[in-house]
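Each chain is listed here by its residues.
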Amino acid sequence: MGRSPASSPEHVSVDATSATASAFRSIRDRFPFKRYNSVSSTTTLPRSSKTTALTHKAPRSHHHNRRRLPLLAFVGKSWFFLCVLIVVFTFALASMVLQRAIMPGFRQGVDREARRWRWSVKEELKVGSTLDFVPCWSLEMNGSQLDWQRSQPRIGVRRPRICLILGSMEKDISSLMVYSVMKNFRDLGYLLKIFALEDGEARSFWQGIAERVSILSLDEYGFIDWSTFEGIVVDSIEAKDAISSLMQEPFCSIPLVWIIQEDILANRLSLYEKRGWNHLISNWKKSFSRADAIVFPDFSFPMLYSMLDTGNFLVIPGSPVDAWVAERYAKTHSKSLLRKEYGFEDDDLLVLVFGSSVFFDELAWDYAIAIRSLEPLLVKYTQSDAGLTFKFMFLCGNSNKYYDDSLKDFATRLRLNQRSLKHYGIENDVNGLTLMADIVLYASSQDEQGFPPILTRAMIFGIPVIAADYPIIRKYVTDGVHGITYAKGDPEALINAFSLLISEGELSRLAHSIASDGMIHAKNMLAMDCIIGYANLMERVLDFPSYVSLPSHASEVNNTLWEWGLLSEEHDGTSLGRKSSIVSKLEDDLVSYVSPKLTQGGPVHIKDMLTNADWNTLNEIESSEEVERLKWEEIDERMEKDLGNWDDIYRNARKSEKIRFEVNERDEGELERTGQMICIYEIYSGQGGWPFLHHGSMYRGLSLSPSELRLSADDVDAVGRLPILNDTYYRDILCEIGGMFSIANGIDDIHKRPWIGFQSWLAGGRKLSLSQKAEEALEKVIKENVKGDVIYYWATLDMVIGSARTNNLLTFWSTCDIINAGRCRTTFENAFRRMYGLPSTAEALPPMPQGGGHWMALHSWAIPTPSFLEFIMFSRMFVDSLHSIQINSSKNQDCLLGFSSSEKRHCYCRLSELLVNVWAYHSARKMVYIDPHSGLLKEQHHVERRRGFMWAEYFNLTLLKSMDEDLAEAADDGDHPYTPWLWPSTGKVYWQGLYEREREERYRVKMDKKRTVKMKLFDRLKHGYKQKSLAG
């Protein structure tokens, strides 16, 4: 397999796409197997890079071979020379004679490194075998996680959201496929939000299918709450920086699909490997590994990008590039002029023959078998006088004199007209060769996975095509309608197929009909499979929460055509893709540390990079200095010193205290919190949440992960205060309520203010956090109203789940059911009954108002500190009861409160988030909503209207304390109701017996101490004071 060559060293720093900017000189930018960019280009990269790409064994995604023909593998530089010699000899002796007689000549001109690579291919691929791309099992399109969810009851309050990150909004062919797919996504029920790195002429088109279109700058990546999307789709390698922001918690688990249509990075990978830029390759590989699926439009791309394969490569074939390029080329070129340029007459009947798009010259047997099958056809249509007009053009390999000489010898031995057979290398104008042909014959012995691009362009040119009946051909070409198919390996069938298109020395009426129908069919031939393929991928990869409506099935796609309206008629099409600035930027950043410059070539020398020997020497120097310092300190301690006068000693002591205070001094926020009435703890779980946190006297961070603490802030480490959160399982199922448990555990050590508040980082990400005006309103109201038990909140449930428009239709419990897979009421009732020990016949679901008013969400509320401790007491027992039900009722430990994997991992989070509403409502707390933007206050669910509905007896403080003491006594006695018991690990375990035992222990220690002192005094009175000897 050959790759597109890199530029010469003198031009290697120039953008790689500049070599392919000229219109239509090559078959396509994504067609990577041509040898040279132009006829004059002679510098190529070493073949060793190809060896790496081919023999790379990825852990999950790799290429497999299938044995097709029982022939011996034969590999060489030129397939035509082999093909010519095959047809010279008889069919029975062709293979043996070729291997013995012409092998040395066949391998002429091939360097040693290339031969080694080709023979390594020979060992893997036999004649007639096929190189297949096999994706990872988790990405195979043989099932969907939505199949089961569609059978479950669900009430969706909003459509699933997809974030699309575009490299540019220009009108180019690279955007046509993505636009067509996304437009169908909208019709399937997805809600699109688009971020673009650059604005462009196509913005109005994108605005027509998206909820919102925004231009994304580099400094805005960290201020986007990616958790609001069910999945993210990236269509360009230019968005690498945005993907970097998705590699931080809590955004690491959001499904990401990365569509790569550019080959510029692939063309640079071999250069990176050659120059030893392994860290640059690792950088790209790390970004590639973040994606759940790296999607390519062609099966050649996984081979080109195999150096970055982490097992997530996937190919969804189908692209409008070939059809669009062929249309533009036909409008700017003339068939008669092309024939004149290549030395053909207008009345010549030209037949273009090409084979596999993968093995153009590495496996000459592919073409040898093809020509052997074509021999009867060639003899029939070319073995006559020079006046006949049938001429065959063979497209393969490189332009080489061995091909031409062998082809002439082949024509002579078969008594054919030498001018009737022509060979052209793949570096020629393939579009021109295809356009001037009258018939295109696909004569490959390889069963390819993708539809041949040259065949697509031939159909767009209006040329009748003949192809073997491989599965990929039968899938898109109807025999006798869009082309002619024949049984592979049957020369007679090939002659019959060819005869159908020829009538009296010219194309038949059937040929013209096939050409016309094929041209119409080929324009959108691959669109349906491509669009449905992406729809199936979304169903396979995305997570759909319980409150999100499911999209329609992929088979219900209505529009299966490319959206050609995106491209304007005046678009010249001289560029098949975009230029890559991110690739050049990363290379430029590297060049600043590399000498000599990239354009100078030669060996690379890294500036003063430390080696292991340097580090060992440095450690030895530091160790010797440390020994010397300790030695002088010991000598200095033995020498007499003048301590100075009392003023100097006092001054030095004060200076030391000042220095020690500055070292232990907290940030300005902690100093400002002194004397404040309230402190709001902002709960976060990763660096991705840092930009949404606040700074100031009212706020303090609360990190659920010890490794994600902000360095310059006085944040609280929840894991350090509550060790159970060090277990990832419990940290995930508890979420924010676990952080609250950590604050309540020994609250006097950390919080000494009369009011306490909490706020999830999600409130900042979703624009629901308190504004400065709302903060002032909150501080004012808690200072003025010191009496009464009130809870203030500013993030509401309807705003969080996007059901504000249907707020009057959804009750509290129905909303809870929606976000908990329809099992909220049942689960809450069972946990409540178990918590209080109620009989199975007793009602255990606390009543809540049927409609009206706002409910708390995102743990964004403020409350007096004593009331907070009362709520934590209730919450600990309820969560423990909920956990015991989950442990006892589910053998496979699968969460029943969610559909998506994220909901199952954070099992208790959504229910515990709403628990404060039930507690506040039934404990007769006054509930006041603060508008987070305007600061206006409005009481919700008035206490007077709750009379007769509240279950105050269950939320009585005296009852809760007695229940807490009972659990503490059981924990102290080791009487655990289940294993492992969650309740003792969520906070302080305390009961009266424990207090009495501690008091007795203190009294015992005190008496032991007094007894020891008395014994010493008695011994001294009896024996006198004895001084110990100096020797001890």
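For the structure itself, look to the data block above.
Residues numbered from 1 in each chain as written. Predicted model: local features only at pLDDT ≥ 70, side-chain atom pairs only at ≥ 80, totals over all residues. Heavy atoms only, no water.

Caption draft 1: Looking closely at the overall build of the chain. Across its full length, the chain holds 39 helices and 27 strands. A total of 1032 residues make up the chain; the buried ones form 54% of that total. Taking as baseline every contact in the chain between residues at least 6 positions apart, the subset at least 24 positions apart corresponds to 77%. Accessible surface, the chain: about 47,400 Å² in total, of which carbon and sulfur atoms supply 51%. (Helix = DSSP H or I, 4+ residues; strand = E, 2+ residues; numbered from the N terminus. Buried < 20%, exposed > 50% of the residue type's maximum accessible area, 1.4 Å probe, protein only. Contact = heavy atoms within 4.5 Å. Areas by Shrake-Rupley, 256 points an atom, 1.4 Å probe, with all protein chains shown as cover.)

Caption draft 2: A look at the sheet that holds strand β25 (residues 861-864). Read across the sheet, eight strands follow the order β22-β21-β20-β23-β25-β24-β26-β27 without closing on themselves; strand pairing throughout is mixed. Since the sheet does not close on itself, it has two edges, and those belong to β22 (716-717) and β27 (937-940), each with one partner. Relative to strand β21 (residues 699-703), strand β20 (residues 678-684) runs parallel, the two being bridged by five bridges. When the sheet's bridge partners are listed, E682 is paired in β21 with G701. Sheet strands in contact with helix α34 (residues 865-889) are β23 (755-760) and β25, and its direction is about 105° off that of β25. (Pairing = 2+ DSSP bridges. Axes fitted to C-alpha atoms, helices over the stretch in contact; angles between N-to-C directions.)

Caption draft 3: Molecular detail of the packing of aromatic side chains. Evaluated as defined, the whole model comprises 44 aromatic pairs. Their ring planes at 85° and their centres at 6.1 Å tell us that Y179 and F205 sit as a pair that is edge-to-face. Separated by 26 residues along the polypeptide, Y179 in helix α6 (residues 173-188) and F205 in helix α7 (residues 203-209) bring together distant segments of the chain. Relative to W761, the ring of F692 has its centre 5.8 Å away and its plane inclined at 35°; by these criteria the two rings are tilted. Taken together, the residues span a long stretch of sequence, with F692 in the loop between β20 and β21 and W761 in helix α29 (residues 761-765) at a distance of 69 residues. Taken as a pair, F692 and W761 share a single burial class, namely buried. Members of the aromatic cluster, each reached through a chain of ring pairs, are F812, W813, F828, F832, Y836, W855, F874, F878, Y921, W951, Y954 and F955. (Phe/Tyr/Trp six-rings, centres within 6.5 Å; stacked < 30°, edge-to-face > 60°.)

Caption draft 4: View of the state of the cysteines. In this structure the tally under the stated criterion is three disulfides. Note that C816 is cross-linked by a disulfide to C824, the S-S spacing being 1.8 Å. Every disulfide takes its handedness from the sign of the S-S torsion; for C816 and C824 that torsion is 75°, giving right-handed. C824 carries the same exposure label as C816, and that label is buried. One disulfide bridge connects C895 with C907, the sulfur atoms lying 2.0 Å from each other. Measuring handedness by torsion sign, the sulfur bridge of C895 and C907 sits at about 80° and is right-handed. In this pair, C895 is assigned in the loop between α34 and α35 (901-905) and C907 in the loop between α35 and α36 (909-922), connecting sequence segments 12 residues apart. Each member of the pair, C895 together with C907, is buried. (Disulfide = S-S within 2.5 Å.)

Caption draft 5: A look at the packing of helix α9 (residues 264-275) against helix α10 (residues 278-290). Orientation of α9 relative to α10, taken along the N-to-C sense of each, is 140°, at an axis distance of 10 Å. Our classification of the angle between α9 and α10 gives oblique. Residues L265, L269, Y272 and E273 of α9 form the contact with α10, whose participating residues are L280, I281, W284 and F288. In terms of residue class, the contact of α9 with α10 is built from seven nonpolar, no polar and one charged. (Parallel < 35°, antiparallel > 145°, perpendicular 65-115°, else oblique. Nonpolar A, V, L, I, M, F, W, Y, C, P; charged D, E, K, R; others polar.)

Caption draft 6: The arrangement of the environment of P723 in detail. Secondary-structure assignment places P723 in the loop between α26 (718-721) and α27 (728-734). Separated by 19 residues in sequence, P723 and S742 have C-alpha atoms that sit 8.8 Å apart.

Caption draft 7: Up close: the pairing of strand β14 (residues 465-468). The two faces of β14 match: V465 and A467 on one face and I466 and A468 on the other face are all buried. This β-α-β element, strand β13 (residues 439-442) to helix α17 (residues 453-460) to β14, shows right-handed connectivity. Of the pairings in the sheet, the one linking β14 to strand β15 (residues 484-486) comprises three bridges and is parallel in character. Among the inter-strand pairings, I466 is bridged to a residue of β15, identified as I484. With helix α18 (residues 471-476) bridging β14 and its parallel neighbour β15, the resulting β-α-β unit is right-handed. (Right-handed = clockwise from strand over helix to strand, strands pointing away.)

Caption draft 8: Region of interest: unusual backbone geometry. The residue after E249, namely P250, is reached through a cis peptide bond having omega 5°. Looking at the secondary structure, you find P250 in the loop between α8 (240-245) and β7 (256-259). Here the amide bond leading from T979 into P980 is cis, since omega sits at -10°, within 30 degrees of zero. The residue C735 is not glycine, and still its phi comes out positive at about 55°. With respect to the helices, strands and loops of the structure, C735 is situated in the loop between α27 and α28 (736-744). Positive phi is not limited to glycine here, since K767 has a value of about 60°. Relative to the helices and strands, K767 resides in the loop between α29 and α30 (772-784).

Caption draft 9: The arrangement of the sheet that holds strand β12 (residues 421-424) in detail. Across the sheet, which stays open at both edges, the six strands sit in the order β12-β11-β10-β13-β14-β15 with parallel pairing between neighbours. The open sheet has two edge strands, β12 and β15, and neither has a second partner. Averaged over all adjacent pairs, the angle separating strand axes in this sheet is 20°, with direction ignored.

Caption draft 10: Up close: the pairing of β27. Relative to β27, strand β26 (residues 926-930) runs antiparallel, the two sharing four bridges. Bridge pairing in β27 places I930 opposite L937. What sits between the antiparallel neighbours β26 and β27 is a turn of six residues, in which G935 has the positive phi angle 85°.

Caption draft 11: α9, seen in detail. For α9, with 12 residues, the first-to-last C-alpha span of 17 Å sits near the 16 Å given by 1.5 Å per residue. In terms of burial, α9 is largely enclosed, as 10 of its 12 residues are buried. After α9 finishes, the residue G276 shows a positive phi value of roughly 80°. (Expected span 1.5 Å × (residues − 1).)

Caption draft 12: Focus on the environment of D894. Mapped onto the elements of the fold, D894 is located in the loop between α34 and α35. Those residues in contact with D894, other than ones at most four positions away along the chain, are Q886 and K904.

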